[in-house]
Amino acid sequence: MSKVKQYYTDVAEKNVDAIITKLKQNTIDYATAKNDILAVDDINLLNIDADNVDEVLEYETTGI
């Protein structure tokens, strides 16, 4: 993977992790977290889209 692509992937992952942390701390609700994740720049690099964002959030919050 090129260094530029890796950089943007890391930035997107860091942003998603921050949103999930806020959800776990109950600072934001589920719908806000979902919308915020879908609004992250270059989210497609993480293979997250509208079809699987619910699965990602469920896994990250429950571990199942």
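Up top you'll find the structure we're talking about.
Model, not experiment: these values are computed from the prediction.

**Topic: the pattern of salt bridges**
- Counting across every chain of the model gives one salt bridge.
- Among the ionic pairs, Lys34 bridges to Asp54, the shortest N-O distance being 3.3 Å. Of this pair, Lys34 sits in helix α2 (residues 30-38) while Asp54 sits in helix α3 (residues 53-62), and the two are 20 residues apart along the sequence.

**What to know about the packing of α2 against α3**
- Between α2 and α3, whose axes approach to 10 Å, the crossing angle comes to 120°. Put simply, α2 runs oblique to α3. Note on packing geometry: the crossing formed by α2 with α3 is right-handed. Two secondary-structure elements touch here, α2 through Tyr30, Ala33, Lys34, Ile37 and Leu38 and α3 through Val53, Asp54 and Leu57.

**Considering unusual backbone geometry**
- Unusually for a residue other than glycine, Asn26 sits at a positive phi of about 60°.
- Relative to the helices and strands, Asn26 resides in the loop between α1 (3-24) and α2.
- With a phi angle near 60°, Asn47 is a residue other than glycine that sits in the positive phi range.
- With respect to the helices and strands, Asn47 occurs in the loop between α2 and α3.

**With respect to the environment of Ile43**
- Of note, Ile43 is situated in the loop between α2 and α3.
- For Ile43, a relative accessible area of 10% gives the class buried.
- C-alpha of Ile43 to C-alpha of Val11: the two residues are 32 residues apart in sequence and 9.5 Å apart in space.
- Ignoring any residue separated from it by four or fewer positions in sequence, one finds Ile43 in contact with Val16, Ile37, Leu38 and Ile48.

**Observations concerning the packing of α1 against α2**
- Look at α1 against α2: their axes get within 10 Å of each other, and the N-to-C directions meet at 175°. As judged from the angle between their axes, α1 and α2 are roughly antiparallel. Residues Val16, Ile19, Ile20 and Leu23 of α1 form the contact with α2, whose own contacting residues are Tyr30, Ala33, Asp36 and Ile37.
- A breakdown of the residues in the contact of α1 with α2 according to their chemical character gives seven nonpolar, no polar and one charged.

About the cut-offs
Residues numbered from 1 in each chain as written. Predicted model: local features only at pLDDT ≥ 70, side-chain atom pairs only at ≥ 80, totals over all residues. Heavy atoms only, no water. Salt bridge = Lys/Arg side-chain N within 4 Å of Asp/Glu carboxyl O. Helix = DSSP H or I, 4+ residues; strand = E, 2+ residues; numbered from the N terminus. Axes fitted to C-alpha atoms, helices over the stretch in contact; angles between N-to-C directions. Parallel < 35°, antiparallel > 145°, perpendicular 65-115°, else oblique. Left-handed = near helix turned anticlockwise from the far one by under 90°. Contact = heavy atoms within 4.5 Å. Buried < 20%, exposed > 50% of the residue type's maximum accessible area, 1.4 Å probe, protein only. Nonpolar A, V, L, I, M, F, W, Y, C, P; charged D, E, K, R; others polar.

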